[in-house]
Amino acid sequence: MNTILIRHKWEPYLWLLPSLLLMTVFVVFPILIVFRMSFSEISRSGVMGGFAGFKNFIDAVNDKAFGTVMKNTAVWVVSVVGLSTLFGFIVAMVLNADFHGRKIARSIVVFPWATSLVIQASVWNYIIKYEYGNLNNVLLNLGILKNAVNWRTTYQIEFAWECGVGIFVTIPFVTFCVLAGLQSIDAAYYEAATVDGAGFWKKLRHVTLPLVRPSLTVSTVLNIIYVFNSFPIVYTITKGAPANKTDTLITLLYMRAFYDQKKGAATAMSVIGFVILCIAAGLYMVISMRGEEEL
Amino acid sequence: MKKQIPEAAPKNRKTGLILVLTALALTIMLFSMPIFRTDTVLFSKKSANTFVGDEKYQSVRAEVEQAAAQYAGFNKTEVREDVTLRTKSDGSQSSMVTFSVTSQGWNNAWQIITSGLPSGSILAILLVCVLISFLAGFLGRSRISGGVAVAFALCTLLLVPAFAMLNTRIFSRSIGTVLSGAREADISALLASADRLLYGEKAGEDVAKLLGGMTYNYTFALWGLLPAGMLLLCGVLLMQNARLGSTLARGALYCFVIALCIVILYPYYVMFITGLRSIAETNDMYFLHMLPVKWVWSNFYDIVQRGVLRYLGNSLLLSSGATLIGLVCGIPAAYAMARMRFRGKKAFLGFVIMSQMFSPVVLLVGIARLMSALKLNDTVAGLMLINAAFNQAFAIWLLRGTFVSISSEMEQAACIDGCNVFGALTRVLLPMAAPGIVTTLIFVFINAWNEYTISTVLISTSSRRPITVGITQFSSFNMIEWQYLFASALLATIPVVILFLCIEKHLVTGLTSGGVKG
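Predicted model only: the values in this text are computed from it and were never measured.

**Some words on the overall build of chain A**
Line of reasoning, step 1. The number of helices and strands found in chain A is twelve helices and two strands.
Line of reasoning, step 2. Taken from N to C terminus, the helices and strands of chain A fall in the order α-β-β-α-α-α-α-α-α-α-α-α-α-α.
Line of reasoning, step 3. Taken along the three principal axes of its C-alpha coordinates, chain A extends 75 × 75 × 30 Å.
Line of reasoning, step 4. When burial is assessed residue by residue, chain A has 44% of its 295 residues classed as buried.
Line of reasoning, step 5. Excluding contacts between residues fewer than 6 apart, the proportion of contacts in chain A whose partners are at least 24 apart in sequence is 67%.

Here it is in structure tokens:
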């Protein structure tokens, strides 16, 4: 067994203490504070009053933007996670093939992962500007367009762009998770499949997919959480305009808490988001604990 | 490497020949079709304080119509009018009507080549490439001629976008937008050649004088040369090599990878060129050069003046602090998780995984309140602690994976020799686990460096901002100084991208194998 002897029963807990302390203070306390605030009366200046029951939650749900925002959040999470998983998988398949310059290609694909979201979002915000945006510039220069096109005529289109940027920055993570899975597949499986006369699609369905499923599951669940919590893209490109029509739950929460001084409703939204995340987290734990049997 | 190319099967050779001939026919057809459009403003007149329909309008209009009639013989002429209405602050209105008579000419590729226009030479090269490729593929049977045919077919493919780009730039941009004094000689030469092409020197000086705003559009139809080039390439390959399928698959793979890299690098290209432009260029909607006309390196000097170095310093401090705290707390925990047996291990792991789920964003309000209670709001130290805490999960995850993958024999030996557990960790395990530790270190560092949301909420003093928040000072509500924004974004991005590239390989194995399988 890969363990070492310990002298006292309490020694392992001593080793865990610093980490436990750090996480308790800065992760658990905020959670408790948010829960307490969501059930308390909160004045505009943020002073906590007595117990308020579900008043804050009722305020949050009755917020005129709440319905749209929940719908947006669902669209945002499903489209970004779904499409980036699909594209990331394809990219990983390609990067797993053997070709000249594969190392360089892999290094380039990692770029968006290493770049701050707020910077990526600012760049894309500039690219799709109508008057002087770079996309129009490039397309006009290539002769593909004759006149500048307004890329963001309606808020639906703007939201679609935001989803696009979300997909763009999420792909590398999926790609590298899948790639790690692909590299661990023994070539013998493919040889056996070839001997049995399986074509590309058959190999994909019966060899590749089952074997990369663990990495794919991990990346998908983690992505659901990251994408749900993603703030800078929407905040930089539209700031939720017009009238919260492009907001997600996180950006609305931020606006309500720090611009509109509706801390009560904002904490209730936090709790709602928190509960949604708990469900995702529970799912993730079940999946990742499955491999931890020998602990 | 294969030394010999297998002799192509006769059937392949025949198919290849058909494809090559089709490509040639398509090229010749495209070259002969009048698909190049030239728009010329022949005559223009501005008339201030004119309202549509009034007397003044009528008289100017008549004058313009008369002028248009003069040019009706050359090409398809057209009268355009633009009305600009302005309402002054006192409520009165003024307007300006601009009339322009434009002519449209359609020409084919032969005319462009013979006219001596700059784009004509590219068209000529393109045509020569197609012909050489055709001849080499058609006549030659050796390895060399095959190579030549393929190379020139590839050249054709590359020349089409090059042509499109250069062409549009030379005409529309040189003439239409940058009429600067320095380029007058170029412009008059261009105008003269355009005049020759359009009017066969008949209109002479008269037209040359009027050619003020000539724009030139080659049409979309020219992209038709691209499929023609593809056909040519496939045909040549078929004639040379029996196995077209694998060659094409390889080609498609490279095309995909190149397209992918272009798309991913595109935002960085935008960041780079915009960061080095002058303010006039970034906000000019008519400015259409792919690269800055003038590279303004002084943008970097300007952003330094506006405190970017301080923000970078703050970021460095914040990320190093967060990394240090994260590792000091994380290494012992990961060590215990990897090497010791105790009750509640599973519970702790569950707690770690749970904490990874909650990005600080959803807890913003709680964090802000906690920090003000601890008197840590608006301090870099507060940000350090938050970042360290929220990165604990990943740090423990990665470190534990590394420790588990290293055998504990050495440590056990050290323990028997009288070393205590702490000594075993620091003297034996840590040096061996160095790559994994560096990976974790860089990963936490980058996460803290790129963090944005918590910093916006917690930091209110301008001089304490990290760089991700600092760059937003260049985008105020109605005026965004893009060149400064991107110049500082560049400074904030390059170091972390390089750092990330160093750990990329270790990170992936750490995240999946170390984490999931345990």
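Text resumes after the structure shown.
**Description of the overall build of chain B**
Line of reasoning, step 1. On a plain count of helices and strands, chain B comes out with 21 helices and four strands.
Line of reasoning, step 2. Long-range pairs, those at least 24 residues apart, make up 74% of the contacts in chain B with a sequence separation of at least 6.

**Details of the interface of chain B and chain A**
Line of reasoning, step 1. Contact with chain B, which involves 98 residues of that partner, is made by 85 residues of chain A.
Line of reasoning, step 2. Of the residues contributing to the side of chain B that touches chain A, the split by class is 65 nonpolar, 23 polar and ten charged.

**Points about the nonpolar core**
Line of reasoning, step 1. Ranked by size, the top nonpolar core spans 163 residues in total, and within it B:Ala334, B:Leu364, B:Ala389 and B:Ile396 carry the most contacts.
Line of reasoning, step 2. The element best represented in this core is helix 15 (residues 380-405) of chain B, accounting for 16 residues.
Line of reasoning, step 3. Leaving out residues up to four positions away in the same chain, B:Ala389 has contacts with A:Leu22, A:Met23, A:Phe26 and A:Val27.
Line of reasoning, step 4. By size, the runner-up hydrophobic cluster in this structure holds 28 residues, among which are B:Phe36, B:Ile112, B:Val236 and B:Leu237.

**Considering the environment of B:Leu135**
Residue and element names in this part refer to chain B.
Line of reasoning, step 1. In this structure, Leu135 sits in helix 4 (residues 118-139).
Line of reasoning, step 2. Residue Leu135 is classed as partly exposed on the basis of its C-beta count, with 14 C-beta atoms lying within 10 Å.
Line of reasoning, step 3. Separated by 105 residues in sequence, Leu135 and Leu30 have C-alpha atoms that sit 19 Å apart.

**Some points on unusual backbone geometry**
Line of reasoning, step 1. Located in the positive-phi region is B:Lys375, a residue other than glycine, with phi close to 60 degrees.
Line of reasoning, step 2. In the Ramachandran plot, B:Asp378 falls in the positive-phi region, its phi being about 65 degrees despite a non-glycine side chain.

**Regarding helix 13 (residues 345-357) of chain B**
An α-helical turn contains 3.6 residues, so any two residues separated by three or four positions project in the same direction.
Line of reasoning, step 1. Taking 1.5 Å of rise per residue, 13 residues should cover 18 Å, and helix 13 of chain B covers 19 Å from first to last C-alpha, within 8% of that figure.
Line of reasoning, step 2. Here helix 13 of chain B has its buried residues at B:Phe348, B:Leu349, B:Phe351, B:Val352, B:Met354, B:Ser355, B:Gln356 and B:Met357.

**Focus on the packing of helix 15 of chain B against helix 18 (residues 434-450) of chain B**
Residues and elements named next belong to chain B.
Line of reasoning, step 1. Axis separation between helix 15 and helix 18 bottoms out at 9 Å; the angle between their running directions is 160 degrees. With respect to helix 18, the axis of helix 15 lies roughly antiparallel. Of the two elements, helix 15 crosses helix 18, and the hand of that crossing is right-handed. Packed against helix 15, whose contacting residues are Asn387, Asn391, Phe394, Ala395, Leu398, Leu399 and Thr402, the element helix 18 presents Gly436, Ile437, Thr439, Thr440, Phe443, Val444, Asn447 and Ala448 at the interface.
Line of reasoning, step 2. The residue inventory of the contact of helix 15 with helix 18, partitioned by class, reads eight nonpolar, seven polar and no charged.

**Quick word on the confidence of the model for chain B**
Residue and element names in this part refer to chain B.
Line of reasoning, step 1. Summary statistics for chain B give a mean pLDDT of 76 and a share of 78% for residues scoring 70 or more.
Line of reasoning, step 2. When pLDDT is averaged over each helix and strand of chain B, the minimum, 43, is found for helix 7 (residues 204-210) and the maximum, 91, for helix 12 (residues 308-339).
Line of reasoning, step 3. Residue range residues 202-213 is modelled with pLDDT below 50. Its contacts to residues more than four positions away, or to other chains, number 15 contacts.
Line of reasoning, step 4. The complex prediction reports pTM at 0.76, with the ipTM value standing at 0.89.

**Concerning the environment of B:Gln473**
All names here are of chain B.
Line of reasoning, step 1. By the secondary structure assignment, Gln473 is in the loop between helix 20 (467-470) and helix 21 (482-517).
Line of reasoning, step 2. A tally of 18 C-beta atoms within 10 Å means that Gln473 is categorised as partly exposed.
Line of reasoning, step 3. Residues Gln473 and Ser92, spaced 381 residues apart in sequence, show a C-alpha to C-alpha distance of 40 Å.

Basis of the calculations
- Residues numbered from 1 in each chain as written.
- Chains lettered and ligands numbered in written order.
- Predicted model: local features only at pLDDT ≥ 70, side-chain atom pairs only at ≥ 80, totals over all residues.
- Helix = DSSP H or I, 4+ residues; strand = E, 2+ residues; numbered from the N terminus.
- Buried ≥ 20, exposed ≤ 12 C-beta atoms within 10 Å, placed from the backbone.
- Contact = placed C-beta atoms within 7 Å.
- Nonpolar A, V, L, I, M, F, W, Y, C, P; charged D, E, K, R; others polar.
- Core = buried A, V, L, I, M, F, W, Y, C linked by C-beta atoms within 7 Å.
- Expected span 1.5 Å × (residues − 1).
- Axes fitted to C-alpha atoms, helices over the stretch in contact; angles between N-to-C directions.
- Parallel < 35°, antiparallel > 145°, perpendicular 65-115°, else oblique.
- Left-handed = near helix turned anticlockwise from the far one by under 90°.
- pLDDT = per-residue confidence, 0-100.

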